[in-house]
Amino acid sequence: MSYVDEIYERVVAQNPNEAEFHQAVKEVLDSLKLVIDANEEKYRKAGLLERFVEPERVVSFRVPWVDDNGNVQVNKGYRVQFNSAIGPYKGGLRLHPSVNQSILKFLGFEQTLKNSLTGLPIGGGKGGSNFDPKGKSDREVMAFCQSFMTELYRHIGADTDCPAGDIGVGAREVGFLYGQYKRITGRYEGVLTGKGLTFGGSLARTEATGYGLIYILDEMLKHHNQQIEGKTVLVSGSGNVAIYAVQKLQQLGAKVVAMCDSNGYIYDKEGIKLDVIRDIKEVRRARISEYVKAVPTAVYTEGKGIWSIPCDIALPCATQNELNLEDAKMLKANGCIAVAEGANMPSTREATDYFVENNILFMPGKAANAGGVATSALEQSQNSMRMSWTFEEVDAKLKDIMVNIYAKAADAAQRYGVPGNYVAGANIAGFEKVAEAMIGQGIV
Ligand code: NDP
């Protein structure tokens, strides 16, 4: 049996009931097969893959808090410190009822490769809780965040592990978490990123994932004699990533005709009015169905179905496995030429393979959404230097990073004989750096 197959079997056997983690490992190992086969003896001797698929540490803890009715609530909290070969752990905290160890391990594993691709010195981690911030008062969210940090603080630090936001964790939550960290430790340091601008946050961090997605999409299109201007685009989700992706697309002359939330999607053939979406999502924290009240010519449809709308470009920016094989086929049949993933693993494995095999330009999440973590690392740099860069400085660095990620993924795909396969390219380029660092540091 090949080394890759052996490791995958081991992962399944040793981590039962972790379907998302199995899926992420399988996709990565499959596309690393060429590199691993070429270096099998060296990697086996170093137990490299056995170590690569095992988190360095998984911390799990209880998070008790009191709700507005005086009742005690208890959630599960986690931090997965996956790989620190190339730098301190870095990766977001997710607050969503679906959060479990499997999802956080898949995210931490992917994060390791993504962080490597950015070219910055950051290892991979991820964390969160099954707490659902939806419908909670500010006081309840604060009580939860303070309790979560009262346990988490002992495992993190500016030079050890630096969490950030993710689904359900925006500026409000990061602020509450940071306040509690500072109170407990007495340290004012860059331990969390995505902070408010008055206490160490970086300009352009809020926009970074969405903007970065469009910068790399633009780069990929240019290399295939295409451009963003004039294209019709679908963007799923209506959270942080989706909103700023739409903003940059519109600046570059694209027309975004649909967005969604977990209840349904809106279709506005005149082009989405982003100020309406921002008011609904960022100010009122309401449902996307409200859009049609402000724009009566738009149509709201309950449930899934956004990928059935004809488009040139599709950008899944909501959540994992939101785009399946059937959706992929529909996109192709309707003339879609490019897909770039703003979310983490939004396309199922079958959909990903379909895109790659059917000549749809496809940029996987670990390359396409790396702008968020890259700018988080820039926030850490500014905190360490006790400096703040301008929006333009950060944005220019972000753009450079995304252009470089494209180049690395394209180059690795070319070197291993699969030109244009950015799934393989991103995995290989990310892995090569981590593997070398792990071997260089001995058996740890
Ligand atoms: P947000 O919480 O801000 O937004 C998530 C959006 O996706 C919401 O509109 C949400 O709708 C929607 N959504 C969630 N589940 C579903 C579903 N099953 N079907 C349809 N829509 C759904 O999160 P972010 O924008 O920050 O993150 C989105 C994705 O991008 C995640 O995969 C995240 O890991 C990834 N990512 C985020 C980064 C960042 O910097 N924020 C960096 C890199 C990756 P609703 O409001 O109804 O829940």
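Procedures and definitions
- Residues numbered from 1 in each chain as written.
- Predicted model: local features only at pLDDT ≥ 70, side-chain atom pairs only at ≥ 80, totals over all residues.
- Heavy atoms only, no water.
- Helix = DSSP H or I, 4+ residues; strand = E, 2+ residues; numbered from the N terminus.
- Expected span 1.5 Å × (residues − 1).
- Buried < 20%, exposed > 50% of the residue type's maximum accessible area, 1.4 Å probe, protein only.
- Phe/Tyr/Trp six-rings, centres within 6.5 Å; stacked < 30°, edge-to-face > 60°.
- Core = buried A, V, L, I, M, F, W, Y, C linked by side-chain atoms within 4.5 Å.
- Domains from an automatic or database assignment.
- Contact = heavy atoms within 4.5 Å.
- Pairing = 2+ DSSP bridges.
- Axes fitted to C-alpha atoms, helices over the stretch in contact; angles between N-to-C directions.
- Buried area = accessible area lost by both parts, 1.4 Å probe.
- Salt bridge = Lys/Arg side-chain N within 4 Å of Asp/Glu carboxyl O.

1. Focus on helix α15 (residues 371–385)
With 15 residues, α15 should cover 21 Å at 1.5 Å per step; its first-to-last C-alpha distance of 21 Å lies within 8% of that length. For α15, a buried count of 12 out of 15 residues is recorded, marking the element as mostly surrounded by other parts of the structure. What α15 keeps buried is the set Gly371, Gly372, Val373, Ala374, Thr375, Ser376, Ala377, Leu378, Glu379, Gln380, Gln382 and Asn383. After α15 finishes, the residue arginine 386 shows a positive phi value of roughly 55°.

2. What to know about the packing of aromatic side chains
How two aromatic rings sit relative to each other is given by the distance of their centres and the angle of their planes. This structure, assessed with the given rule, holds 15 aromatic pairs. Ring geometry for phenylalanine 21 versus phenylalanine 82: centroids 6.1 Å apart, planes at 50°, classification tilted. Taken together, the residues phenylalanine 21 in helix α2 (residues 19–38) and phenylalanine 82 in strand β2 (residues 72–83) connect sequence positions 61 residues apart. Looking at phenylalanine 82, the relative accessible area reads 2%, which means it is buried.

3. Some remarks on the nonpolar core
By size, the foremost hydrophobic cluster in this structure holds 101 residues, and its most contacted members are Phe52, Leu217, Leu249, Leu315 and Phe431. Here this core spans two domains, and each of domain 1 (55–188) and domain 2 (206–368) adds at least three residues to it. Beyond its immediate chain neighbours, meaning those up to four positions away, leucine 249 contacts Ile214, Leu217, Ile228, Val233, Val235, Ala254, Val256 and Leu315. If you look at the next biggest cluster of nonpolar residues, it comprises 22 residues, including Leu95, Leu152, Val174 and Leu192.

4. Quick word on the sheet that holds strand β7 (residues 255–260)
Strand pairing in a sheet is mediated by backbone hydrogen bonds. Such pairs are either parallel or antiparallel. The sheet built from 7 strands is open, its strands ordered β9-β8-β7-β6-β10-β11-β12 with mixed pairing. The open sheet is flanked by β9 (299–302) and β12 (361–363), the only strands paired with a single partner. Between one strand and the next, the sheet's axes are offset by a mean angle of 15°, whatever the strand orientation. As paired strands, strand β10 (residues 313–315) and strand β11 (residues 338–340) are joined by 2 bridges and run parallel to one another.

5. Some remarks on the domain arrangement of the protein
As far as domains go, the protein holds domain 1 (55–188) and domain 2 (206–368). Taking only C-alpha atoms into account, the centre of domain 1 sits 27 Å from that of domain 2. If you look at the interface, domain 1 gives 13 residues, while domain 2 gives 11 residues. With both chains or domains summed, domain 1 and domain 2 bury close to 960 Å², and 51% of this area falls on carbon and sulfur atoms. Taken together, domain 1 and domain 2 are joined by 1 salt bridge.

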